Amino acid sequence: MSLARELNDTHALALALYFAACLGRFERNPSEVERCASDLIELSTRQNFAFWLAMGSVLRGWVRSASGETAEGLSWFEDGIKDIRATGSMLWMPYLLALKAESLFIADRTSEALVAIRESEALAERSEERWWCAEQHRLRAVFLAAVGANDTKIEASFCAAISTAKEQKSVSLEKRAEETYAEYRRQKASGSEGRGFRLPLW
């Protein structure tokens, strides 16, 4: 970001702000994501960067949802995704739909979260943008567990998440999938499922 500002390269700055926000999200730091998303929205509004403005909206949607303001968060998501699609770009869409699925889950709209994650997976398959596939499988397992789906489907999704992460050599996503799977097995062994399991999103 410093170099982009020094060079007065506004497009590079938008890209840097977006990646800084993604890093903040990976670190589970909503305040950092909010700061970067706000700067990205402000810059993109000034420079008429339609794509980056929409990306900033989606990131703000994630922050609002992660902070418990799910109705506002989902509104930002809907607008951002609609505006990205209006640009004709499908870049990052599997990842963004997975974020939307997380927000729907936080809002206790798990059946809609499952629809969003299936759309995310279908787009990843079509576009071959597979860098977030391990997490898509893990999220599907979390959502299926929450609705009390068949154990075989849940276990298959967790196994797909772990094997995909291993194939892609993504240590962090492999560890996350293994930890969530272990929590699922712990809850299952303790008989605490009730109507479904409540597993961690992150």
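Remember, predicted model here, so these are calculated numbers, not experimental data. (Residues numbered from 1 in each chain as written. Predicted model: local features only at pLDDT ≥ 70, side-chain atom pairs only at ≥ 80, totals over all residues. Heavy atoms only, no water.)

**Q** Tell me about helix α6 (residues 93-106), and name the residues and values.
**A** Here α6 is 14 residues long and its end C-alpha atoms lie 20 Å apart, about the 20 Å a rise of 1.5 Å per residue gives. Along α6, 13 of the 14 residues are buried, which leaves the element largely enclosed by surrounding structure. The first or second residue beyond α6 is Asp-108, which carries a positive phi of 60°. (Helix = DSSP H or I, 4+ residues; strand = E, 2+ residues; numbered from the N terminus. Expected span 1.5 Å × (residues − 1). Buried < 20%, exposed > 50% of the residue type's maximum accessible area, 1.4 Å probe, protein only.)

**Q** Quick rundown of the side chain of Glu-121? Include the residues and the values.
**A** One can find Glu-121 in helix α7 (residues 110-127). By relative accessible area, which is 15% here, Glu-121 ends up buried. In this structure the side chain of Glu-121 is engaged in a polar contact, spanning 2.7 Å, whose partner is the side chain of Arg-140. The contact partners of Glu-121, leaving out residues within four places of it in the chain, are Gln-136, His-137 and Arg-140. (Polar contact = N/O pair within 3.5 Å; in protein donor to acceptor, adjacent residues only side chain to side chain. Contact = heavy atoms within 4.5 Å.)

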